[in-house]
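As a plain string of letters, each chain reads:
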Amino acid sequence: MTLLHLLLTLLGTVALSGIAWWATTGFALGQLTGEVERDAGVLVQAARLGGAGSVALSLEARLAADRSGTQYFLLAGPDGTRLAGNLATAPQQPGWARLRLEGPETAELLALGAALPGGGFLVVARDLAPVRQLESFLLGAAGWVGGAALLLGLAGGVLIGRGVTRRAARMDAALARVEAGEIGHRLPIRDGGDEFDRLAGRINAVLDRLQGLMQALRQVTDDIAHDLRTPLTRLRQRLEAALRDEAGWRGATEAAIRDCEHLLEIFAALLRIAQVESGARRAGFSSFDLSSLAATVAEVYGPAAEERGQMLETAIAPGVTAFGDRELLTQALANLLDNAVKHGREGGRLRLALSPEAVVTVEDDGEGIPEGERAAVLRRFHRLDAARSRPGAGLGLALVAAVAELHGATLTLADAGPGLRVTLALGPSRPGRGAP
Amino acid sequence: MKILLVEDDAETAGFIRRGLTEAGHVVDHASDGPDGLHLAMGGGYDVLVVDRMLPRLDGLGLVRALRAAGQRVPVLFLTARTGVGDRVEGLEAGADDYLGKPFAFAELMARLNALARRPPMAQEPTVLRVGDLEMDLLRRQVTRGGRRIELQPREFRLLEYLMRRAGEVVTRTMLLEGVWDFHFDPKTSVVETHVSRLRAKLGGEDQPPLIHTMRGAGYVIRAPE
């Protein structure tokens, strides 16, 4: 990673230097070429107007004024002999050429040869040294910059790498503590909020979820152990009594079968809640007529309400559709109504309502649930002390809560003054868009 | 009836076999999937009772293989897995009915009778008749001895369910599933209430009763002797 970063930095520096080189030296060379062309043009013009003599004079003047000593000229007569200028010899060919001066001072020249009107030949040249200097300066600069980038990149890479290693080690250590059983321990998160902190936040959220699930699992195990022991003990007592009392074996056997059925129902309810909580049922969601479902559930529980002398009122908006699991929602509504019948006042009033916005409300006029207990009754096996004497295992509302969560619905328990009002807000039907 | 029972738990198998034999049926028993499939392929059974979880080849696989081979014999799945999705899965594999363990023996018996006597999918009748009771399925009208009987939609479905199985015992659970679409027992007397209301509407003062209660089993509709 660090190496790749370094390589890219280096590549960028080289490319940038190349571009700078190409632009700058090209510009300098262009300047030089322009000067030579201009000089040659002026001198050829001078030859046309004043002959070779005036060119010679002009050359002398130019050479005298050239302090930098980078200008070179040669004026040759029609016979090829040198007439003026500081170049000893030069190939007398028209057009551009590169010359090399040897001797005490070597120099590389850019030369332009031109035949003069009326005979003779002119060579105008410039020393390429300034361009070469510029080039070597740029090369040096590129070297320095490249070197510096390399060093900085290397140092930065090492620093970042060490930072990454240190933070990864810290996360690793924190996770090791969680693995060792310290399930409440969490990864450190800095205020900065970079990718590492986001990752740590995500891992912490996953750990929170795991911890929640573990607690739920432990709770269920405890609950099962506790709540199944009572009916199993009763069953065993019954069977023992039947062994001693042969006359009563038939009644005892029937009672034992009833006990078994009760136990099996508890198991079935627990399994169903677990299945719903796993979320696997979401794949089977579909659109269905919630109004007719509500009406059916009201019809099925009507006789039960009648037996307790209760009036079951319904206010079901027609044609309401819901998107979800029809069977589970049937069961959830059934549980709510079953609770209302069981816990409502004998001879009292019950109400089942469905609004056009798919909000189901079930009300009874019993003792209700104290505000502090409302969250607890949604847990498995939780029963109010007042309800201990009545039938039921305390799983009904736990299933409703699980079904509500599966559907992304809001489940609210409130005071119906007197009694309990349960609201299940399913929200608008969402066919085709999947579960919320 | 000749019944093939595929069940690996010896105790459950013994219990079912004893009950069915006492009721006068002939029972063959296989205790794993491949044996069951082999026997079933031989044909000659009126109905199959198949446990879902079997050694070597599970119930789903057995029924799928049977259906793939063109065997149309009715199959009832018997299973401890009564999750909501499991029933649908079983029916999709080609089973005709699904019964969760534990079950009452009368329930199993009623369902097997219903399956074995299911008529081949020939022409759907448009009129059902039991004695002088007539149900016109197209006009959705019910008459007894020519007298119109007004029924609520649910009562109509209930009567239709019974009349389609005239002469067979129909259990409370079958009615809850078939008429109310309830796949669990709500433990209310909704079935009893509706049946007694239906009885009252069907029976005049001097007319013999049509719907009979079979104690501990369910209901049956049949023409008076």
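Reading the values: the criteria
- Residues numbered from 1 in each chain as written.
- Chains lettered and ligands numbered in written order.
- Predicted model: local features only at pLDDT ≥ 70, side-chain atom pairs only at ≥ 80, totals over all residues.
- Heavy atoms only, no water.
- Helix = DSSP H or I, 4+ residues; strand = E, 2+ residues; numbered from the N terminus.
- Rg over C-alpha atoms; globule rule 2.2 N^0.38 Å.
- Buried < 20%, exposed > 50% of the residue type's maximum accessible area, 1.4 Å probe, protein only.
- Areas by Shrake-Rupley, 256 points an atom, 1.4 Å probe, with all protein chains shown as cover.
- Lys, Arg positive; Asp, Glu negative; His and termini not counted.
- Charge placed at Lys NZ, Arg CZ, Asp CG, Glu CD.
- Contact = heavy atoms within 4.5 Å.
- Expected span 1.5 Å × (residues − 1).
- Buried area = accessible area lost by both parts, 1.4 Å probe.
- Salt bridge = Lys/Arg side-chain N within 4 Å of Asp/Glu carboxyl O.
- Polar contact = N/O pair within 3.5 Å; in protein donor to acceptor, adjacent residues only side chain to side chain.
- Nonpolar A, V, L, I, M, F, W, Y, C, P; charged D, E, K, R; others polar.
- Pairing = 2+ DSSP bridges.
- Axes fitted to C-alpha atoms, helices over the stretch in contact; angles between N-to-C directions.
- Left-handed = near helix turned anticlockwise from the far one by under 90°.
- pLDDT = per-residue confidence, 0-100.

### Some details on the overall build of chain A
Here is step 1 of the chain: Looking only at helices and strands, chain A features seven helices and twelve strands.
Here is step 2 of the chain: Taking 22 Å as the expected radius of gyration for a compact globule of 436 residues, we find that chain A reaches 49 Å, considerably beyond that expectation.
Here is step 3 of the chain: Referenced to the eigenvectors of the C-alpha coordinate spread, the extents of chain A come out at roughly 155 × 55 × 35 Å.
Here is step 4 of the chain: When the 436 residues of chain A are sorted by exposure, 38% land in the buried category.
Here is step 5 of the chain: Surface exposure of chain A reaches about 24700 Å², of which carbon and sulfur atoms provide 59%.
Here is step 6 of the chain: In chain A, the 45 positive side-chain charges and the 49 negative ones have mean positions that sit 2 Å from each other.

### Quick notes on the overall build of chain B
Here is step 1 of the chain: In terms of regular secondary structure, chain B is built from eight helices and eleven strands.
Here is step 2 of the chain: Here chain B has a C-alpha radius of gyration of 19 Å; the compact-globule value for 225 residues is 17 Å, and the two agree.
Here is step 3 of the chain: When the backbone C-alpha atoms are referred to their principal axes, chain B occupies close to 60 × 35 × 35 Å.
Here is step 4 of the chain: Buried residues in chain B amount to 47% of all 225 residues.
Here is step 5 of the chain: Considering only contacts in chain B between residues 6 or more positions apart, those separated by 24 or more positions represent 57%.
Here is step 6 of the chain: The average position of the 31 basic charges and that of the 32 acidic charges among the side chains of chain B differ by 4 Å.

### Brief notes about the environment of alanine 155 of chain A
Here is step 1 of the chain: Mapping alanine 155 of chain A onto the fold places it in helix 2 (residues 129-179).
Here is step 2 of the chain: Taking the C-alpha atoms as reference points, alanine 155 of chain A and leucine 6 of chain A, separated by 149 residues in sequence, lie 9.8 Å from one another.

### Thoughts on helix 6 (residues 153-164) of chain B
Residues and elements named next belong to chain B.
Here is step 1 of the chain: Helix length check: helix 6, at twelve residues, gives a terminal C-alpha distance of 16 Å against a target of 16 Å (1.5 Å per residue), a fit within 8%.
Here is step 2 of the chain: A large share of helix 6 lies buried, amounting to nine of its twelve residues.
Here is step 3 of the chain: Taken residue by residue, helix 6 has Arg154, Glu155, Phe156, Leu158, Leu159, Glu160, Tyr161, Leu162 and Met163 as its buried positions.

### Examining the interface of chain A and chain B
Here is step 1 of the chain: Opposite the 18 residues of chain A that make contact, chain B presents 18 residues.
Here is step 2 of the chain: Three residues, Glu299, Val300 and Glu327 of chain A, lead the burial of chain A against chain B; their summed loss comes to 32% of the area buried on that side.
Here is step 3 of the chain: Inspection of the region where chain A meets chain B yields two salt bridges.
Here is step 4 of the chain: At the surface where chain A touches chain B, the tally comes to seven residue pairs in polar contact (both at pLDDT 80 or more).
Here is step 5 of the chain: Put simply, the parts of the chain that give the side of chain A that touches chain B at least two residues each are helix 4 (249-277), helix 5 (290-307) and helix 6 (326-343) of chain A.
Here is step 6 of the chain: The greatest single-element share of the side of chain A that touches chain B, amounting to eight residues, is contributed by helix 5 of chain A.
Here is step 7 of the chain: Each residue belonging to the side of chain A that touches chain B can be placed in one class, and the counts come to eight nonpolar, four polar and six charged.

### Things to note about the sheet that holds strand 1 (residues 2-6) of chain B
All names here are of chain B.
Here is step 1 of the chain: Overall, parallel pairing links the five strands, which are arranged 2-1-3-4-5 in an open sheet. Both edges of this open sheet fall to strand 2 (26-30) and strand 5 (97-100), since each of them pairs with a single strand only. With direction set aside, neighbouring strand axes in the sheet form an average angle of 20°.
Here is step 2 of the chain: Where strand 3 (residues 47-51) and strand 4 (residues 75-79) come together, four bridges link them in parallel fashion. What sits directly across from aspartate 51, in strand 4, is leucine 78.
Here is step 3 of the chain: Taken strand by strand, helix 1 (residues 10-22) contacts strand 1, strand 2 and strand 4, and its axis lies near 165° from that of strand 2.

### Remarks on the packing of helix 5 of chain A against helix 6 of chain A
Residue and element names in this part refer to chain A.
Here is step 1 of the chain: At a closest axis distance of 10 Å, the pairing of helix 5 and helix 6 adopts a crossing angle of 35°. As for the relative orientation of helix 5 and helix 6, their crossing is right-handed in sense. Where helix 5 approaches helix 6, its residues Leu293, Ala294, Val297, Ala298, Tyr301, Ala304 and Ala305 are matched on the opposing element by Arg326, Leu329, Thr330, Leu333, Ala334, Leu337, Asp338 and Val341.

### Points about the confidence of the model for chain A
Here is step 1 of the chain: When the pLDDT values of chain A are averaged, the result is 83; 94% of them are 70 or greater.
Here is step 2 of the chain: The low-confidence segment residues 431-436 of chain A (pLDDT under 50) makes ten contacts with residues lying over four places distant or belonging to another chain.

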